[in-house]
Amino acid sequence: QVQLVESEGGLVQAGGSLRLSCTASGSTFSCNAMGWYRQAPGKQRELVATITSGGSTNYADSVKGRFTISGDNAKNTVYLEMNSLKPEDTADYYCWADINLWGTYWGQGTQVIVSS
């Protein structure tokens, strides 16, 4: 069994920054990739950014140049540095992990609110 534990989100003013982290813990495993998705009220969940164990990254166009994803394979932890935040970044952010041989797992979500 694998658990994804996310850091607290928060309330930040537009233009501000926030850093999220997520650690996968549980039985012995290896992560093929980890990342973040988000879901705004009334909208579908969407990809924010992902990173593979080899360090390849993928970003949604809406966050390119503002958000940076990084990972620590030894700690099974992924980070999302969010800069120049906009009100439209307001959403519940969900950690995601693709675990080798076990499939995908999701965190419980953490709320990020960006005030204008």
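Fair warning: this is a prediction, and the values are worked out from it, not measured in the lab. (Residues numbered from 1 in each chain as written. Predicted model: local features only at pLDDT ≥ 70, side-chain atom pairs only at ≥ 80, totals over all residues. Heavy atoms only, no water.)

Asker: In this structure, what is going on with the overall build of the chain? I would like to understand it.
Answerer: The secondary structure content of the chain amounts to zero helices and eleven strands. Counting from the amino terminus, helix and strand elements in the chain follow one another as β-β-β-β-β-β-β-β-β-β-β. Here the C-alpha radius of gyration of the chain, 14 Å, is about what a compact globule of 116 residues would show, namely 13 Å. Counting every position in the chain, which comprises 116 residues, the buried fraction comes to 41%. Residue pairs in contact within the chain that sit at least 24 positions apart in sequence constitute 54% of those at least 6 positions apart. (Helix = DSSP H or I, 4+ residues; strand = E, 2+ residues; numbered from the N terminus. Rg over C-alpha atoms; globule rule 2.2 N^0.38 Å. Buried < 20%, exposed > 50% of the residue type's maximum accessible area, 1.4 Å probe, protein only. Contact = heavy atoms within 4.5 Å.)

Asker: How should I be thinking about the side chain of Glu 6 in this particular structure?
Answerer: Along the chain, Glu 6 turns up in strand 1 (residues 2-6). No salt bridge forms around the buried Glu 6; measuring N to O, its nearest opposite-charge neighbour Arg 45 is 7.9 Å away. For Glu 6, the side chain forms a polar contact with the main-chain nitrogen of Gly 109, separated by 2.7 Å. The residues contacting Glu 6, other than those within four sequence positions of it, are Ser 21, Cys 22, Trp 36, Tyr 93, Tyr 94, Cys 95, Gly 107, Gln 108, Gly 109 and Thr 110. (Lys, Arg positive; Asp, Glu negative; His and termini not counted. Salt bridge = Lys/Arg side-chain N within 4 Å of Asp/Glu carboxyl O. Polar contact = N/O pair within 3.5 Å; in protein donor to acceptor, adjacent residues only side chain to side chain.)

Asker: Just to check I follow, could you spell out the pairing of strand 10 (residues 103-106) for this structure?
Answerer: Successive residues of a regular strand alternate their side chains across the two faces of the sheet. Taken together, the four bridges between strand 9 (residues 91-99) and strand 10 define a ladder with antiparallel strand orientation. When the bridges of strand 10 are listed, Trp 96 appears paired with Trp 106. Counting the residues between successive antiparallel strands, the hairpin from strand 9 to strand 10 contains three residues, one of them, Leu 101, with a positive phi of roughly 75 degrees. (Pairing = 2+ DSSP bridges.)

Asker: Honestly, the pairing of strand 5 (residues 46-52) in this entry has me stumped. Any pointers?
Answerer: Relative to strand 5, strand 4 (residues 31-39) is paired through six bridges, and the arrangement is antiparallel. Counterpart to Ala 33 in the pairing with strand 5 is Thr 52. Taking the residues that link successive antiparallel strands as the turn, the strand 4-strand 5 hairpin has six residues, and the phi of Gly 42 there is positive, at about 80 degrees. Examined bridge by bridge, strand 5 and strand 6 (residues 57-59) share three bridges and lie antiparallel to one another. Note that in strand 6 the partner of Ala 49 across the bridge is Tyr 59. The hairpin formed by strand 5 and strand 6 contains four residues between the paired strands, and Gly 55 there has a positive phi angle of roughly 100 degrees.

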